Amino acid sequence: MKFGIEFVPDMKYYELEYYVQLAEDNAFDHVWITDHYNNRNVYSMLTLLALRTRTIKLGPGVTNPYHINPALTASAIGTINEISGGRAVLGIGAGDKVTFDRIGIAWEKPLARMREAVEIIRQLHAGKSVTYDGKVFKFNGARLGFKTGSIPIYIGAQGPKMLQLAAEIGDGVLINASHPKDFEEAKGNIDAGLSKAGKSRDAFDTVAYASMSVDKNRDNARNAARIVVAFIVAGSPDVVLQRHGLSDEAVNKVRDALNAAFTKGDWPGVAKAVTDEMIDIFSISGTPDDVIERINELSKAGVTQVVAGSPIGPDKKKSIKLIGKEVISKLK
Ligand code: F42
């Protein structure tokens, strides 16, 4: 099992640097930085992190082929690979509809756009001159002016077609989920994509891009996950809610509580609406032993990397140390 950690660049650069160095010192293998227009720029942050770390692999988790042309993504991540001495990994996905709507980007042809972008980036990284006549991208002899080396590409995917595409053309897939059932469900699509490309599962990284909350005190860990879990419940498609047998009534309670929190600031009401079952389904929360148990289940369901995503724990600093000492050291 490999271990990653996710950070949203909504904090000052020196805070991010501190947490990522702490993660590196606590045996995390990967750091993934999210990409949304309203946060600090992902490549500016990755440049800083590439300079201030030594071993951890790093990349956007995930960028998208709508904000920027694949040639610029190829160049940006190639630059990070040079600065970091070959530690860059590119995470790319179809992007987030809610933030796209706010900046006037139409979410058209996500599958074709993803396939074409990845093909173009790979050719540019191979030092080729790219002439490409796709449904979305037209390239006329584009070539990078520096050697980037080969950079693994991980694809953010949830839907069945995107999961198949990720397995077919990616080196790994980042799946926003925390429960083994979701990975058992994804397995068929991943296997279909791998077999289409004639690839074996051993050469492919299946990543649980999970919400995690760890503390020595179980209740503190689980309580810290409540608000994050509320947002995941509210944003999950019906197919996922049904897969886990959550009733419409319970889900609507969370959605109503979130609306009340936005209008009246009643955040304790949100925490109350989130059930223990929801915390189990949509996060990996509890003591280090609870977390180890869940990670072992995920491993059986085909997961090869677990990413500790928000909130990480009631106290990020303590939780990163605890994960390193009590979880990673026991599972590696
Ligand atoms: N999004 C961000 O914007 N920033 C992030 O930092 C971020 C991180 C992240 C990490 C892990 C992860 O798994 C996802 C993450 N995301 C992030 C979200 C990501 O960008 C995607 O929004 C998310 O993965 C959802 O994508 P999806 O895999 O469900 O694919 C969408 C497009 C989908 O609907 N897929 C369907 C499917 O079956 O897979 C297929 C849709 C389809 O068939 N579309 C047709 C087509 O041709 O493409 C028609 C579309 C049209 O144009 O009408």
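Keep in mind the model is a prediction, meaning the values are calculated, not measured. (Residues numbered from 1 in each chain as written. Predicted model: local features only at pLDDT ≥ 70, side-chain atom pairs only at ≥ 80, totals over all residues. Heavy atoms only, no water.)

Colleague: I keep staring at the packing of aromatic side chains and nothing clicks. Help me out?
Modeller: For any pair of aromatic rings, the description consists of the separation of the ring centres together with the inter-plane angle of the planes. Counted according to the given criterion, the structure contains 8 aromatic pairs. Both rings, one in F7 and one in Y19, keep their centres 5.9 Å apart while their planes meet at 10°; by these two values the pair is stacked. Residue F7 is found in strand β1 (residues 2-7), and its partner Y19 is found in helix α1 (residues 13-25); the two are separated by 12 residues along the sequence. Per residue, the accessibility class of F7 equals that of Y19, and both read buried. Residues Y66 and F100 carry aromatic rings whose centres are separated by 5.2 Å and whose planes lie at 55° to one another, so their mutual orientation is tilted. Pair noted here: Y66 is in the loop between β3 (57-60) and α3 (70-83) and F100 is in helix α4 (residues 97-102), with a separation of 34 residues, a long-range link. Take Y66 and F100: they sit in the same class, and that class is buried. Through a chain of ring-to-ring contacts, the aromatic side chains of F7, Y18 and Y19 assemble into a single cluster. Lying across the ring of Y66, R113 places its NZ or CZ 4.3 Å from the centre. (Phe/Tyr/Trp six-rings, centres within 6.5 Å; stacked < 30°, edge-to-face > 60°. Helix = DSSP H or I, 4+ residues; strand = E, 2+ residues; numbered from the N terminus. Buried < 20%, exposed > 50% of the residue type's maximum accessible area, 1.4 Å probe, protein only. Lys NZ or Arg CZ within 6 Å of the ring centre and 35° of its normal.)

Colleague: I would appreciate a short explanation of the pattern of salt bridges in the present structure.
Modeller: Once their charged atoms are close, side chains differing in charge can pair, the charge on each being opposite to the other. Scanning all chains against the criterion turns up 18 salt bridges. The partner of E24 in a salt bridge is R54, with the nearest N and O atoms 3.4 Å apart. In this pair, E24 sits in helix α1 while R54 sits in the loop between α2 (42-52) and β3, placing the two residues 30 residues apart along the sequence. A relative accessible area of 60% places R54 in the exposed class. For D182, the salt bridge goes to R243, with nearest N and O atoms at 2.7 Å. Remark: R243 occurs in helix α9 (residues 238-243) and D182 occurs in helix α7 (residues 180-197); sequence separation between them is 61 residues. (Salt bridge = Lys/Arg side-chain N within 4 Å of Asp/Glu carboxyl O.)

Colleague: What is the right way to look at α3 in this model?
Modeller: An α-helical turn contains 3.6 residues, so any two residues separated by three or four positions project in the same direction. Between its first and last C-alpha atoms α3 spans 20 Å; for 14 residues at 1.5 Å apiece the expected length is 20 Å, and the two agree. For α3, the complete set of buried residues consists of P70, T73, A74, A76, I77, G78, I80 and N81. Where α3 is buried, its residues meet α2, β3, β4 (90-92), α5 (110-125) and β6 (138-142). At the C-terminal side of α3, G85 shows a positive phi close to 70°. (Expected span 1.5 Å × (residues − 1). Contact = heavy atoms within 4.5 Å.)

Colleague: What is the right way to read the site of the ligand from this model?
Modeller: Around the ligand sit 24 residues in total, of which G95, K109, Q158, M162 and L174 are the nearest. The separation between an oxygen atom of the ligand and a polar main-chain atom of G95 is 2.5 Å. Within the complex, the protein chains bury 74% of what would otherwise be the 1,000 Å² of accessible surface of the ligand. Of all the elements in the fold, those that place two or more residues in the shell around the ligand are α5 and α6 (160-169). Per-element accounting of the shell around the ligand gives the leading share, 3 residues, to α6. Residues that form the shell around the ligand fall into these classes: 10 nonpolar, 9 polar and 5 charged. (Near = heavy atom within 4 Å. Polar contact = N/O pair within 3.5 Å; in protein donor to acceptor, adjacent residues only side chain to side chain. Areas by Shrake-Rupley, 256 points an atom, 1.4 Å probe, with all protein chains shown as cover. Nonpolar A, V, L, I, M, F, W, Y, C, P; charged D, E, K, R; others polar.)

Colleague: Is there a simple way to think about unusual backbone geometry in this case?
Modeller: Backbone geometry follows two general trends: most residues other than glycine have a negative phi, and most peptide bonds adopt the trans configuration. The omega torsion across G61 and V62 is 5°, close enough to zero to call that bond cis. Along the chain, the position of V62 falls in the loop between β3 and α3. The residue after S310, namely P311, is reached through a cis peptide bond having omega 10°. Structurally, P311 can be placed in strand β11 (residues 305-312). Of note in this structure, A27 is not a glycine but carries a positive phi near 75°. Mapping A27 onto the fold places it in the loop between α1 and β2 (30-33). Residues other than glycine seldom take positive phi values, yet K109 does so here, at roughly 45°. By the element assignment, K109 lies in the loop between α4 and α5.

Colleague: Hey, could you run me through the packing of α2 against α3 in this one?
Modeller: Helix-helix packing is described using two parameters, namely the angle between the two axes and the distance between the axes. Remark: α2 packs on α3, axes separated minimally by 8 Å, with the N-to-C direction vectors making an angle of 15°. The angle between α2 and α3 places the two elements in the roughly parallel class. You can see that α2 and α3 cross each other, and the crossing is right-handed. For the pair formed by α2 and α3, the contact residues are Y43, L46, T47, A50 and L51 on the first element and T73, A76, I77, I80 and I83 on the second. (Axes fitted to C-alpha atoms, helices over the stretch in contact; angles between N-to-C directions. Parallel < 35°, antiparallel > 145°, perpendicular 65-115°, else oblique. Left-handed = near helix turned anticlockwise from the far one by under 90°.)

Distances and angles like these do not, on their own, reveal function.
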